[in-house]
Number of protein chains: 2
Amino acid sequence: MDVSAPSTRDRIIAAAEYLFAERGFAETSLRLITSRAEVNLASVNYHFGSKKDLIQAVFDRFMDRLTVELADELASLRQQGGKPTAESVLTTFLRPLQALDQLEPNGASIFMRLLGRAYAETQGHLRRFVLEKYGHVLAEFTQSLMQAHPELPANELFWRLHFMLGSLVFAIGGSNALGEISAADFDEEVGLNDVVARLIPFLAGGFKAPVAR
Amino acid sequence: MDVSAPSTRDRIIAAAEYLFAERGFAETSLRLITSRAEVNLASVNYHFGSKKDLIQAVFDRFMDRLTVELADELASLRQQGGKPTAESVLTTFLRPLQALDQLEPNGASIFMRLLGRAYAETQGHLRRFVLEKYGHVLAEFTQSLMQAHPELPANELFWRLHFMLGSLVFAIGGSNALGEISAADFDEEVGLNDVVARLIPFLAGGFKAPVAR
DNA sequence: TGTACATCAGTGAACGCGCGTTCACTGATGTAC
DNA sequence: TGTACATCAGTGAACGCGCGTTCACTGATGTAC
């Protein structure tokens, strides 16, 4: 078995995904990453080529994990047959997201913040990259939502999907900060699972709403 | 009457708010701002003291405009009497937001992106500043929502407010990019007013949803 | 009304600093014959 | 099995560059007497 210490490459990725989510891409210097990872500064460029490529690699690792599980969930939903509900389709996305938290502490929150940052990027090269590489899984997800709400026109669904994405990025990406406020104001500890449990009826209610005339 | 060219200070603010929203705080250099504004580099520090203070000033100007109008809307909603609906309360916030677009091109989108960036900030000094200075208006807004949905516990309302905020930041802040996609995919021009019209039933549906057990 | 001084808005050039990247180099491991 | 060479992972120091900020300065306007 392999009990060796994590490789330099893995140490860089681990430090980078934490810092990128915490501080943003531009605000995170390679020196900060390498000193957190306790590796040589030059090793980032050795392993990844450039800072830009490192960002891509970090993002890609999350997306790979997520889309595999999302595809599984969607397949088993379809296998059940019948008309799915908004709640059940949302769960196919939220369950793999929760699984990221098992994989590493705060994994879901880190990923959502990365996703938000990727969207906020001006150039949008990450956005394009996501659609090219993972577009087919996302299209499957949209398909299932359409089955749950066949009364919604495609363009209405498009907007509602983005309203949903905004809620997810904001609430799950900021769940640490929001959870602290909640703990202080309402004497209530809030974990990812609690946020997800609150999100499902809210978002499902949104999808069920009539289209504006 | 004053027909003079805008002052150096105003030129800086105008250039900065555009570039901050477009590129983010860290990615926008003072040289970029001053060359866009066609003013001297040193004048930023002369008028604002530091880059950090400029960010604060830009943000503050939007918040000032918005909260005054939001307070007006809330007052006239209360004056109508009776139990408000989720839709009417949401409108008290969305109407002032739409007014920002009249004030300058893409004003609403720029402001929402600034708000998103302010929230994403690690230090959160902007977030704290917002709550201290404008907390009373936001509390009034929350009050009205509570009247519309007295069945929602305070902590549930807290989370739903942030789900809403996420949708707004994401959809309105990204309305240019999303509008372009929509125009390409659905042959449909989408302006701020269309996005708002779609948002209201979606969010109202979310607030009306039963609380998860 | 005239003079002296103070304040204000703005400028041009330079400052030190942290940044991403590069480069020549080392030592360990793998491969060919 | 032994030798020669190639590849790989990693290193330390330096590179030029763009950054926010500072500073001595200018010229216009305002104020006091």
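Structure shown above.
Calculation criteria
Residues numbered from 1 in each chain as written. Chains lettered and ligands numbered in written order. Predicted model: local features only at pLDDT ≥ 70, side-chain atom pairs only at ≥ 80, totals over all residues. Heavy atoms only, no water. Near = heavy atom within 4 Å. Polar contact = N/O pair within 3.5 Å; in protein donor to acceptor, adjacent residues only side chain to side chain. Helix = DSSP H or I, 4+ residues; strand = E, 2+ residues; numbered from the N terminus. Nonpolar A, V, L, I, M, F, W, Y, C, P; charged D, E, K, R; others polar. Contact = heavy atoms within 4.5 Å. Buried area = accessible area lost by both parts, 1.4 Å probe. Salt bridge = Lys/Arg side-chain N within 4 Å of Asp/Glu carboxyl O.

Participant: Explain the protein's contact with DNA strand C to me, please; I cannot follow it from the model alone.
Facilitator: Surveying the vicinity of DNA strand C reveals 15 residues, the closest of which are Leu30 and Arg31 of chain A together with Thr8, Tyr46 and His47 of chain B. In DNA strand C, atoms within 4 Å of the protein come from the sugar-phosphate backbone in 55% of cases. Between DNA strand C and Leu30 of chain A, the relevant distance is 2.8 Å, taken from a phosphate oxygen to a main-chain nitrogen or oxygen of the residue. Residue His47 of chain B places a side-chain N or O atom 2.6 Å away from a phosphate oxygen belonging to DNA strand C. Secondary structure elements with two or more residues in the surface near DNA strand C: α2 (30-37) and α3 (42-48) of chain A together with α3 (42-48) of chain B. It is α3 of chain B that contributes the most residues to the surface near DNA strand C, 3 residues altogether. Of the residues in the surface near DNA strand C, the class split is 5 nonpolar, 7 polar and 3 charged.

Participant: Got a minute to help me understand the interface of chain B and chain A in this structure?
Facilitator: When the parts of a complex come together, some accessible area is lost, and that lost area is often taken as the interface size. Taken together, the contacts link 45 residues of chain B with 45 residues of chain A. For the pair chain B and chain A, the two sides together bury roughly 3,900 Å², of which 74% comes from carbon and sulfur. Looking at the side of chain B facing chain A, the largest losses of area belong to Trp159, Phe170 and Phe202 of chain B, adding up to 21% of the total buried there. Scanning the region where chain B abuts chain A turns up 2 salt bridges. Here Glu156 of chain A ties to Arg198 of chain B by a salt bridge, and the two come within 2.4 Å at their closest N and O atoms. Our enumeration of links across chain B and chain A arrives at 7 residue pairs in polar contact (both at pLDDT 80 or more). Of all the elements in the fold, those that place two or more residues in the side of chain B that touches chain A are α1 (8-23), α6 (107-120), α8 (154-173), α9 (175-186) and α10 (192-208) of chain B. Residue contributions to the side of chain B that touches chain A peak at 15 residues, all from α8 of chain B. Here the side of chain B that touches chain A is composed, by residue class, of 27 nonpolar, 9 polar and 9 charged.

Participant: When you look at the protein's contact with DNA strand D in this model, what are you seeing that I'm missing?
Facilitator: Around DNA strand D, the structure places 15 residues, and the nearest of them are Thr8, Tyr46 and His47 of chain A together with Leu30 and Arg31 of chain B. Residue Asn45 of chain B places a side-chain N or O atom 3.5 Å away from a phosphate oxygen belonging to DNA strand D. At the level of elements, α3 of chain A together with α2 (30-37) and α3 of chain B are the ones that each hand at least two residues to the surface near DNA strand D. When residues in the surface near DNA strand D are grouped by element, the largest group, 3 residues, is from α3 of chain A.

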